[in-house]
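Analysis of the macromolecular model
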Amino acid sequence: MAGFGWKLHGDGRHLKPGEVVRPDERLTWGRTIALGAQHVVSMIGACFVAPVLMGLDPGLALMASGVATVLFLVMTRGRIPSYLGSSLSFVGVSAVIAGQGGNAGTLTGAMLVVGACLAGCGIVIHLLGARVIHAVLPPVVTGAVVMLIGFNLAPVTASTYWPQDQWTALATMLFTGLALVVLRGFWSRIAIFLGLVFGYVLSWVLDRTAGMIHSANGAGKVTDHWRIDFSGVQKADWIGLPTFHAPNFSASAILVALPVLVALVAENAGHVKAVGEMTGDPLEDKMGMAIVADGTATVLSTAVGGPATTTYAENIGVMAATRVYSTAAYSAAAAFAVLFGLCPKFGAVVVAIPGGVLGGITVILYGMIGLLGAQIWIRNGVDFTVPLNLIPAATGVIIAIGGVSLKFTEHFELGGIALGTLIVLTGYHSLRWLSRAAGQGRMPLLDAGTSGYDGSADRNDGQAP
């Protein structure tokens, strides 16, 4: 197939200063396979955390990520080096669906529909061009949606994971934060994974030195229990297929999940642009197809009970560090992921991660997801002294974080992420149209004391002017 005839870069062993290995090139197969293994290590923490938090099989998630990555490479004809791992954007959705009485099948059914819609959006973008993204989803909207998805998860950490072992959660949070700040290069990119390992080992040591802990367990019942339960690991086989299940569809669950579509489109577009800048290959013409590929991969994964997929920034970071953008390395990574997915015992070890450890990890992880929304605003210069930007974003974020809901009938209501996203999206475009129709100028809403302090304090050494 065109795009997959990798040619050897130079001698296949060395890179001269300033050189890069392009997507259609490779190093020697030994080095390529080693790079593939590095990509697996880089993504494995997030790829496992997502299904664990959503109550899905991590072994299936890992296998699905390998298959999804191959599908992505084929559909983009080898031009976009990228790994498709488990999407964390649906973690908050899973908590809401579980609170409504839904199960794993309900969740995967909702994600399947979102995946199909994502593929549909990709087709539209492919036909009309990337400009349609900027028209429908300007930075103020995408930033707000990403922020509300992240911060909506705060109660999950506070009420579910952290209470199971508060001191282990605190230690894990501190270690992970330290790793993210202090470590450099490859190690900083796997800091979340290192935090999981640290918390796991700490819990194992505490079980053997301090005995059982009296706290809430995974079911929320306060009791004496071990931090780590290895019974599932002992029963699991070394070789076998992961647990598959069919999705089922619920209108309320689908409505809760659909707002994530906004975040997925923005995420994919951002990653494609980043890869294009690194490789020096403008990929605007492939952006729509990349989104179609991600949506198709999500449909394929969720159809058998796996999580939704998305392109991984962790692996983009590995490429930036190594200057190797070869899709051959991603093919090797995909093969490793499928092999690991065929080891149920490996997956059982991940499922046994203590709740306290997840508490420490999710405090940072959920906060980072939320603040990515702020990063979108900052990078695009969104001005919140303008009412058109301020009002939809402010109301949507508060509605989502606060869990505000609107009940339409006895069996249908909108709330949280779904309602917040709807407010941001429709509110922005409606107010934009009304302001133009009314000939309203963009006068600042906030006063100078709020919107103009950034420069004056610095110029006066922190003293009032």
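Residues numbered from 1 in each chain as written. Predicted model: local features only at pLDDT ≥ 70, side-chain atom pairs only at ≥ 80, totals over all residues. Heavy atoms only, no water.

Right, let's talk about the overall build of the chain for a bit. When helices and strands are tallied, the chain shows 22 helices and eight strands. When the 465 residues of the chain are sorted by exposure, 48% land in the buried category. Looking at the chain alone, contacts between residues at least 24 apart form 78% of all its contacts between residues at least 6 apart. By element, 65% of the accessible surface of the chain is carried by carbon and sulfur atoms, the whole surface being about 20,800 Å². (Helix = DSSP H or I, 4+ residues; strand = E, 2+ residues; numbered from the N terminus. Buried < 20%, exposed > 50% of the residue type's maximum accessible area, 1.4 Å probe, protein only. Contact = heavy atoms within 4.5 Å. Areas by Shrake-Rupley, 256 points an atom, 1.4 Å probe, with all protein chains shown as cover.)

Here we take up unusual backbone geometry. With a phi close to 55°, Arg77 is a non-glycine residue in the positive phi region. Considering the arrangement of structural elements, one finds Arg77 in the loop between helix H2 (58-75) and strand E3 (84-86).

Once that is clear, we can look at the environment of Tyr366. Summarising the element assignment, Tyr366 is placed in helix H18 (residues 355-379). It is 9.7 Å that separates the C-alpha atoms of Tyr366 and Val156, two residues lying 210 residues apart in sequence.

The terminal C-alpha atoms of H2, which comprises 18 residues, lie 25 Å apart, in line with the 26 Å expected from a rise of 1.5 Å per residue. The residue sitting at the N-terminus of H2 and contributing the capping side-chain oxygen is Asp57; that oxygen lies 2.9 Å from the backbone nitrogen of Gly59. Following H2 by one or two positions, Arg77 adopts a phi angle in the positive range, close to 55°. (Expected span 1.5 Å × (residues − 1). Polar contact = N/O pair within 3.5 Å; in protein donor to acceptor, adjacent residues only side chain to side chain.)

Take the packing of helix H8 (residues 166-182) against helix H10 (residues 191-209) next. Where H8 meets H10, the closest approach of the two axes is 9 Å, and the angle between their N-to-C directions is 150°. The orientation of H8 with respect to H10, classified from their angle, is roughly antiparallel. The interaxial crossing formed by H8 with H10 has right-handed handedness. Within the contact between the two elements, H8 uses Thr168, Ala171, Thr172, Phe175, Thr176, Ala179 and Leu180 and H10 uses Ala191, Ile192, Leu194, Gly195, Phe198, Gly199, Leu202, Ser203 and Leu206. (Axes fitted to C-alpha atoms, helices over the stretch in contact; angles between N-to-C directions. Parallel < 35°, antiparallel > 145°, perpendicular 65-115°, else oblique. Left-handed = near helix turned anticlockwise from the far one by under 90°.)

So, on to the nonpolar core. Membership of the largest hydrophobic core comes to 93 residues, with the highest contact counts inside it found for Met43, Met54, Phe90, Val93 and Trp377. Excluding its chain neighbours within four sequence positions, the residues that come into contact with Met43 are Leu62, Ser65, Tyr83, Tyr312, Asn315 and Ala337. Grouped together as the second largest cluster of nonpolar side chains are five residues, Leu27, Leu35, Val324 and Ala329 included. (Core = buried A, V, L, I, M, F, W, Y, C linked by side-chain atoms within 4.5 Å.)

This paragraph deals with the pattern of salt bridges. Applying the stated criterion across every chain, the model contains two salt bridges. The shortest N-O distance in the salt bridge between Asp165 and Arg227 comes to 3.1 Å. Within this pair, whereas Asp165 is found in the loop between helix H7 (154-161) and H8, its partner Arg227 is found in the loop between strand E5 (222-225) and helix H11 (231-235), the two being separated by 62 residues in sequence. Close ionic contact of Asp207 with Arg227 constitutes a salt bridge, the shortest N to O distance being 3.1 Å. Residue Asp207 is found in helix H10, and its partner Arg227 is found in the loop between E5 and H11; the two are separated by 20 residues along the sequence. One exposure class covers both Asp207 and Arg227, and it is buried. In the salt-bridge network here, residues are joined through shared partners; they are Asp165, Asp207 and Arg227. (Salt bridge = Lys/Arg side-chain N within 4 Å of Asp/Glu carboxyl O.)

Among the secondary structure elements, Phe175 is positioned in helix H8. Overall, Phe175 belongs to the partly exposed group, its relative accessible area being 30%. Among residues more than four places away in sequence, those in contact with Phe175 are Leu194, Gly195 and Phe198.

This part covers the confidence of the model for the chain. Looking at the chain as a whole, its pLDDT mean stands at 79, while 85% of the residues score no less than 70. When the criterion is pLDDT under 50, residues 446-465 qualifies, and its contacts beyond four places in sequence or with other chains add up to eight contacts. (pLDDT = per-residue confidence, 0-100.)

Applying the stated criterion across every chain, the model contains three aromatic pairs. Considering the side-chain rings of Trp6 and Trp29, the 6.1 Å spacing of their centres and the 85° angle between planes classify their relative orientation as edge-to-face. Of this pair, Trp6 sits in the segment before strand E1 (7-8) while Trp29 is found in helix H1 (residues 29-54), placing the two residues 23 residues apart along the sequence. Positioned above the aromatic ring of Trp238, the side-chain terminus of Lys345 is 5.3 Å from the ring centre. (Phe/Tyr/Trp six-rings, centres within 6.5 Å; stacked < 30°, edge-to-face > 60°. Lys NZ or Arg CZ within 6 Å of the ring centre and 35° of its normal.)

Before going further, it helps to spend a moment on a nonpolar patch on the surface. A surface patch of nonpolar side chains, about 380 Å² in accessible area, is lined by Ile123, Val124, Leu127 and Leu128. Residue position: Leu128 is located in helix H4 (residues 104-128). You can call Leu128 partly exposed: its relative accessible area is 46%. (Patch = residues over 30% accessible without salt bridge, like charges linked within 9 Å, V, L, I, M, F, W, Y side chains within 5 Å.)

Moving on, we come to the environment of Gly356. Tracing the backbone shows Gly356 in helix H18. For Gly356 and Ala171, which are 185 residues apart along the polypeptide, the C-alpha to C-alpha distance reads 9.5 Å. When near neighbours in sequence (up to four residues on either side) are disregarded, Gly356 contacts Tyr161, Gln164, Asp165, Thr168 and Ala169.

With that settled, consider H7. Of all the positions in H7, only Val156, Thr157 and Tyr161 are classed as buried. Considered in projection along H7, the buried side chains sweep an arc of 95° and stay on one side of the axis. Structural note: H7 exposes Ala158 and Ser159 on the side pointing more than 90 degrees away from its buried face. (Arc of directions from axis to C-beta.)

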